[in-house]
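Structural description and commentary
Here is how the chains run, residue by residue.
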Amino acid sequence: MLTPERTALVLLAAGRSRRFDGDKLAEPFLDKPLAYHVVTALENVPFLTRIAVVSDTSLDFAALGYRVEENPDPSLGQARSLCHGVMVAKAAGADAVLVALADMPRVTAAHIYRLFDATDGLDTVVASSNGAQPCPPALFGSHLFDQLLDLEGDEGARKLIRRGHHVVTSPAELADVDTRADLEELRQLYGLETDGK
């Protein structure tokens, strides 16, 4: 079984936010920027290292304990960001990477530990699922690193994820924010005013 202590957390925070029209990850949600919710949720998980792959953001992930890797051309798709993170993880000698998205503010540490419980070594692919569709957060053992480094475009690691083991959790935990409407829906769920205050 893989452990957090030998795993690199790779936080993908370099999306272009085309459907959001603005710096989505810096948008206020509850008491902090949207991207900092997953950071806070996973802050006590003892990862080997934490890597944030960013592009043109005002957020200071380094102050939160992350090694910051700039993706100079996010137009090449999510796979390019993933490659940046995996290269750093590989150099750090990690046995695995846990890939999380900065626009998924409801992910919990409890779910992440369930992903680790489902691992079976360095060939592991374990993804989250809402019961119908697999998605991040996802764990990849180091035997998959070279395949991850060969990925291209926005498809990312979806093919690998589809053939892996899936750990089901509530759709609410796996909600991601792609549009302003998604964020307003989350704010309303928490009884917030629509301006985010």
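To keep things clear, this report deals only with the structure shown in the data block.

1. Things to note about the packing of aromatic side chains
On inspection of all chains with the given rule, the structure shows three aromatic pairs. Relative to F116, the ring of F47 has its centre 6.5 Å away and its plane inclined at 45°; by these criteria the two rings are tilted. Highlighted residues: F47 in the loop between α1 (36-41) and β4 (49-54) and F116 in helix α3 (residues 109-117), separated in sequence by 69 residues. Take F47 and F116: they sit in the same class, and that class is buried. Considering the side-chain rings of F61 and Y66, the 6.2 Å spacing of their centres and the 65° angle between planes classify their relative orientation as edge-to-face. Per residue, the accessibility class of F61 equals that of Y66, and both read buried. By way of ring pairs, the aromatic residues Y36, F61 and Y66 are connected into one cluster.

2. A closer look at the pairing of strand β1 (residues 7-13)
β1 sits mainly inside the fold: seven of its seven residues count as buried. Residue alternation in β1 divides its side chains into two sets, T7, L9, L11 and A13 and A8, V10 and L12, and both sets are buried. Taken together, the six bridges between β1 and strand β6 (residues 96-101) define a ladder with parallel strand orientation. Paired with L11 across the two strands is A100, which belongs to β6.

3. Digging into the state of the cysteines
Here a disulfide denotes one covalent bond, and it connects the sulfur atoms of two cysteines. Evaluated as defined, the whole model comprises zero disulfides. The thiol sulfur of C83 is not disulfide-bonded, and the nearest other cysteine sulfur, from C135, lies at 20 Å.

4. Focus on the sheet that holds β6
Taken together, the seven strands give an open sheet; going across it, the order is β5-β4-β1-β6-β8-β7-β9, and neighbouring strands pair in mixed fashion. For this open sheet the edge positions go to β5 (67-70) and β9 (165-168), each flanked by a neighbour on one side alone. Between one strand axis and the next, the sheet turns by 25° as a mean value, whatever way the strands run. Across the face of the sheet, helix α2 (residues 78-91) comes into contact with β1, β4, β5 and β6 while running at roughly 150° to β4. Across the sheet, α3 touches β1, β6, β7 (125-129), β8 (134-141) and β9, and the angle it forms with β8 is around 50°.

5. Here's the deal with the nonpolar core
Generally speaking, a soluble globular protein has its nonpolar side chains buried in company with each other. Counting 57 residues, the largest nonpolar core has F61, V97, F140 and L148 as the members making the most contacts within it. Beyond its immediate chain neighbours, meaning those up to four positions away, F140 contacts D95, A96, V97, V99, T124, V125, F145, L148, A157, L160 and I161. Formed by five residues, the second largest nonpolar core is a distinct cluster that contains F29, L34, V177 and L183.

6. Some thoughts on a nonpolar patch on the surface
A grouping of L30, L189 and Y190 is seen on the molecular surface, where their side chains present a nonpolar patch of about 280 Å² in accessible area. Tracing the backbone through its elements, the reader meets Y190 in the segment after α6 (180-189).

7. Digging into the environment of G77
Secondary-structure assignment places G77 in the loop between β5 and α2. You can call G77 buried: its relative accessible area is 4%. For the pair G77 and L98, spaced 21 residues apart in sequence, the C-alpha to C-alpha distance is 19 Å.

8. Description of α2
Helix length check: α2, at 14 residues, gives a terminal C-alpha distance of 20 Å against a target of 20 Å (1.5 Å per residue), a fit within 8%. Listed in full, the buried residues belonging to α2 are A79, S81, L82, C83, H84, G85, V86, V88 and A89. Structurally, α2 contributes buried residues whose contacts are with β1, β4, β5, β6 and α4 (145-149). Positive phi appears at G93, one or two residues downstream of α2, with a value of about 80°.

9. Regarding α3
Inspection of α3 places H111, I112, L115 and F116 among the buried residues, and these make up the whole buried set. Viewed end-on, α3 has its buried residues packed into an arc of 150°, placing them on one side of the element. Along α3, the residues that are exposed and aim more than 90 degrees away from the buried face are A110 and D117.

So, how was this worked out
Residues numbered from 1 in each chain as written. Predicted model: local features only at pLDDT ≥ 70, side-chain atom pairs only at ≥ 80, totals over all residues. Heavy atoms only, no water. Phe/Tyr/Trp six-rings, centres within 6.5 Å; stacked < 30°, edge-to-face > 60°. Helix = DSSP H or I, 4+ residues; strand = E, 2+ residues; numbered from the N terminus. Buried < 20%, exposed > 50% of the residue type's maximum accessible area, 1.4 Å probe, protein only. Pairing = 2+ DSSP bridges. Disulfide = S-S within 2.5 Å. Axes fitted to C-alpha atoms, helices over the stretch in contact; angles between N-to-C directions. Contact = heavy atoms within 4.5 Å. Core = buried A, V, L, I, M, F, W, Y, C linked by side-chain atoms within 4.5 Å. Patch = residues over 30% accessible without salt bridge, like charges linked within 9 Å, V, L, I, M, F, W, Y side chains within 5 Å. Areas by Shrake-Rupley, 256 points an atom, 1.4 Å probe, with all protein chains shown as cover. Salt bridge = Lys/Arg side-chain N within 4 Å of Asp/Glu carboxyl O. Expected span 1.5 Å × (residues − 1). Arc of directions from axis to C-beta.

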